[in-house]
Amino acid sequence: MTRYVYDFVEGNKDLKDLLGGKGANLAEMTRMGLPVPPGFTVTTEACREYLHTGSMPSGLLGEVEHHLRMVENQLGKAFGDGEDPLLLSVRSGAKFSMPGMMETILDIGLNDVSVTGLARRSENERFAWDSYRRLIQMFGKTVFDVPGEEFETELAHARDAAGVRSDAELDAGQLQDLVNAYKKVFHAATGRDFPQSPHEQLFLAIGAVFRSWNAERARIYRRKERIPQDLGTAVNVMAMVFGNRGARSGTGVAFTRDPATGRRGVYGDYLQNAQGEDVVAGIRNTVGLADLEALDPGSYRELLSIMQRLEQRYRDLCDIEFTIENGKLWMLQTRVGKRTPAAAFVIAAQLVDEGTITLDEALQRVSGEQLAQLMFPSFDESAAPEPLTTGVAASPGAAVGAIVFDNAEAAAATGPVILVRRETNPDDLPGMIAAQGILTSRGGKTSHAAVVARGMGKTCVCGAEEVLVGDNTLSVNGTTLRAGDIISIDGTTGRVYAGSVPVSPSKVVRYFEGELTAHGDPLLAAVERLMIHADHVATLGVHANADTGADAARARRFGATGVGLCRTEHMFLGDRRVLVERLILAGNAAERDEALAALLPLQRADFEELFAAMDGLPVTIRLIDPPLHEFLPPLEELTARVARAEALGKDPGHDGALLSAVRRMHEANPMLGLRGVRLGLVIPGLFAMQVRAIAQAAAARVAAGGDPRPEIMVPLVGAVQELEAVRAEAETVLASVPGAPPIRIGTMIEVPRAALTAGQIAGAAEFFSFGTNDLTQMTWGFSRDDVESAFFGRYFDLGVFGVSPFETIDIEGAGELVRIAVTRGRAARPDLTVGVCGEHGGDPASVRFFHDAGLDYVSCSPFRVPVARLEAGRANV
Ligand code: PEP
Ligand code: MG
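Values in this document were obtained by computation on a predicted structure and should not be read as measured data.

Chemist: For the coordination of the magnesium ion (ligand 2), give the residues involved together with the corresponding values.
Modeler: In this structure, Glu750 (OE) and Asp774 (OD) serve as the protein donors to the magnesium ion (ligand 2), at separations of 2.0 to 2.2 Å. Remark: Asp774 occurs in helix α31 (residues 772-780) and Glu750 occurs in the loop between β30 (744-749) and α29 (752-756); sequence separation between them is 24 residues. Under the relative-accessibility criterion, Asp774 is labelled buried at 3%.

Next up, the structure:
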């Protein structure tokens, strides 16, 4: 029979699938002998079954009762007992951490009788009634969806009636009245009395946590974080300990290293006389963890020693939630902590230095996505005005946008916005996703806003206490700003500025550019070390897509070992457009040859620059791809110009000729029309001119003592016969240019037919490069220029895919064609070189796939080169 419940002493940290992250880690801490309140975990499997059938799995409640008795025996107390009640907390805990996403209910087991027992035992009547009113509130909201405001309104009434400003000032009698008011709210909303049976409370709470898995905000979070929707959550049931029992009690959150910078030390927040949720919700301002030393030196020392043990056990940064009850420390949670991208690099390098992990493991602790975030710009401090105020630097980055207080999703559609709140809660998630950055006036580094923003890599300044958030305005030190006003926030320094502050390039980019050295900078030193190791272990090379000498030079500084794609059509733009026009309008062979002859020296000069920048490394030059009419003015514009001229009785002249050419060349589906190899086969001399320019440029570089390594690539091939025809012509041209080095000829694979007939095509190609932009377009039949804005939103909602196939390779579709082409191509030509040059070449998830598919290199934009290098290394450890 399936077992649904595990005592904390039975599990361990590797059972996250079954017990969820929180449950597995509570079990691990229990096994380590740390002070964890006794309890048990209901498995994710029970949750899945509940969500599937709509009712509790058979046997579950009996198992819960059995484990509850074990907890009772351990503590010598009975659940909800009238004299000395055992109370329970019920918390969700999925395999992947979803901060603040799901439900927690505390103080389960209190009722009209046990509340008096708790009051007597704790000798604190106020505490007992406060716990009871919290239970009714949390239980009502979570289990029966009673609107939270209804409780808040009663609480405000109670404060007004008592003439006090904070909840903490309500006395026991006033809280007892509040309990009665809450019960009425509960009854009015649910049509039933607040359940007095502790067991009924417990079972209802477990069901509510199960259902919370499917709450809208949880679904949105999972979609964003790409967490599967069908995992379900475990439920952790634990004996309550109380941080709100007076000055010798409190609750806190701690990190074993600074999650923002990675620095070693003691980081965290502590709140005296409070329950755990008060810290995480950021409702009251906390003190730094170091201040706990003065308040309770014994607990502080014990906490530090536990933190050290946890780091050793997990071999990583841990974050911890703890409670102190009357001077006794209890561990409520630990997990490998979230961290900023900078901290991820710094900590990985530190752990290597400390001998805790190997360099290979260190590579697994960082990601290309994190490196990409470190390459974002930051504010140019020298051009910044005086800050309005400084808050807590909660999640790094520089964000500029219009202030919104609410509904950031809608406002973000018209431009970048900064979400400004007193504090955030899980309902703000869609707004946080939509905003460029988040500013709050309350809460520390562990508040909801901070934790969620860090997880999303979004800029966040929190706890800016001088910011007073009113109705659609914020005021700070005499300045008032309204919704729509521009504000700039710096999540690295915590500074907040009115207006728009200019941004400057990232330190990491300046390091890659060679403008900064890593010496003395922990972040740059960590990046350098991990990049060196990534390059050392990678078998997948990284080339760059570069069309100019300047781009190629930057790519080389960023570590590219070649140019994987030079799109030559980019060399036909600007002033050169007229030359292309002449080619198109040529009435006979002589005019056409003249136009081509004019283009030749320009192309040659471009290539020379490129070969110089990439001297000694391969430069793959793709022959012209797009339809020629893309170089002519649009049909509507020309038609209007010609009509205007004719209306004035003038001769439209050149425009007239252009118009008829545009009409002649008009295509209903240009992406599927006369482009790529088709164009080369139809316009005599065009490809030959480009091949000649490449050969002459290479010969000139050789003559100048250089080491050019050009390769010629033919786009959009679908049949080997196309490639053979181009190849024959190119070989003739190459043979006619003295002094050129050997030049390999290959093809792009970007039409499904080319992938399927790769065996034949390899007969005429020395290399393949997958054009995954077109390959994706043609595999799905999606126009790459239209569909993303047209309907992908709906497709994400429907779960057709979780990420655009133009961003991350669709492994089952376009990816399968890649695998087929690699296999068939290499079978026909074992030394075939295979790369990819579509956008996917710089996408971390896709890089891993290309490594697995056995490619030789990926090629991506120069700025993505470091990301791809890191991922190529990670893919091979
Ligand atoms: C591709 O299709 O993936 C490619 C690299 O070519 P382009 O983007 O220029 O069509
Ligand atoms: Mg293409």
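Chemist: Which residues make up unusual backbone geometry, and what values go with them?
Modeler: Excluding glycine, residues mostly have negative phi values, and the peptide bonds linking residues are mostly trans. With a phi close to 45°, Asn477 is a non-glycine residue in the positive phi region. Relative to the helices and strands, Asn477 resides in the loop between β21 (473-476) and β22 (479-482). Phi is positive for Leu716, which is not a glycine, with a value near 65°. In this fold, Leu716 is placed in the loop between β29 (709-714) and α28 (720-735).

Chemist: Please provide a residue-by-residue account of helix α13 (residues 341-353), values included.
Modeler: In this model α13 runs 19 Å from its N-terminal to its C-terminal C-alpha over 13 residues, within 8% of the 18 Å that 1.5 Å per residue would give. Of all 13 residues that make up α13, 12 are buried, and the element is covered over most of its length. Residues of α13 that are buried: Pro341, Ala342, Ala343, Ala344, Phe345, Val346, Ile347, Ala348, Ala349, Gln350, Leu351 and Val352. Of the surrounding secondary structure, the elements contacted by the buried residues of α13 are β8 (250-257), β9 (264-272), α14 (359-364), α15 (368-374), α20 (522-537) and α35 (865-874). Immediately downstream of α13, the backbone of Gly355 shows phi near 80°, a positive value.

Chemist: Please provide a residue-by-residue account of the environment of Gln373, values included.
Modeler: Within the secondary structure, Gln373 is located in helix α15. Classification of Gln373 by relative accessible area gives partly exposed; the value is 24%. Considered as a pair, Gln373 and Ser506 are 133 residues apart in the sequence and their alpha carbons are 9.5 Å apart.

Chemist: Give a detailed account of the side chain of Thr808, specifying residues and quantitative values.
Modeler: By the secondary structure assignment, Thr808 is in the loop between α32 (787-798) and α33 (814-828). In this structure the side chain of Thr808 is engaged in a polar contact, spanning 3.0 Å, whose partner is the side chain of Asp843. Beyond its immediate chain neighbours, meaning those up to four positions away, Thr808 contacts Arg226, Val803, His840, Asp843, Ala845 and Ser846.

Chemist: A description of the sheet that holds strand β24 (residues 495-498) should follow, citing residues and the corresponding values.
Modeler: Reading across from one edge, β14-β24-β23-β16-β17-β18-β19-β15 is the order of the 8 strands in this open sheet, with mixed pairing throughout. Edge positions in the sheet fall to β14 (389-390) and β15 (392-395), since each has one partner strand and no second.

Chemist: So what about a nonpolar patch on the surface? Which residues, and what values?
Modeler: Where nonpolar side chains cluster on the molecular surface, the patch consists of Trp780, Leu798 and Val800 and spans about 270 Å² of accessible area. Position of Val800 relative to the elements: it lies in the loop between α32 and α33. When its relative accessible area of 42% is taken as the criterion, Val800 is described as partly exposed.

Calculation rules
- Residue positions are given per chain, counted from 1 along the sequence in the order it is written.
- Numbering of ligands from 1 and lettering of chains from A proceed in the order in which they are written.
- Residues qualify for local features only when their pLDDT is at least 70, as the model is predicted, and side-chain atom pairs are given and counted only at 80 or more; totals for whole chains, interfaces and linings, by contrast, use all residues.
- Each side-chain value is derived from all of the structure's non-hydrogen atoms; neither hydrogens nor water enter the calculation.
- Donors, by definition, are the N, O and S atoms found within 2.8 Å of a metal, the threshold being 3.2 Å for Na, K and Ca, and water is not counted, so a site can look incomplete.
- Secondary structure counts use DSSP, requiring at least four H or I residues in a row for a helix and at least two E residues in a row for a strand, with both numbered from the N terminus.
- Buried means the residue's accessible area, taken with a 1.4 Å probe over protein chains only, is under 20% of the maximum for its type, while exposed means over 50%, and partly exposed covers the values in between.
- Here a helix's expected span is defined as the number of its residues, less one, multiplied by 1.5 Å.
- The criterion used for residue contact is that any of the two residues' heavy atoms lie within 4.5 Å.
- Residues adjacent in sequence count toward polar contacts only when both atoms are side-chain atoms; beyond that, a polar contact is any pair of N or O atoms within 3.5 Å, and within protein one must be able to donate a hydrogen and the other to accept it.
- Pairs of strands are assigned from DSSP output, requiring at least two bridges between the strands.
- Each patch is built from residues that are more than 30% exposed by relative accessible area and take part in no salt bridge. Like charges join if they lie within 9 Å; nonpolar side chains (Val, Leu, Ile, Met, Phe, Trp, Tyr) join within 5 Å.
- Residue burial considers only the protein chains on display, and all accessible areas are found by Shrake-Rupley using a 1.4 Å probe.
- Throughout this description, the term salt bridge denotes a Lys or Arg side-chain nitrogen within 4 Å of a carboxyl oxygen of Asp or Glu.

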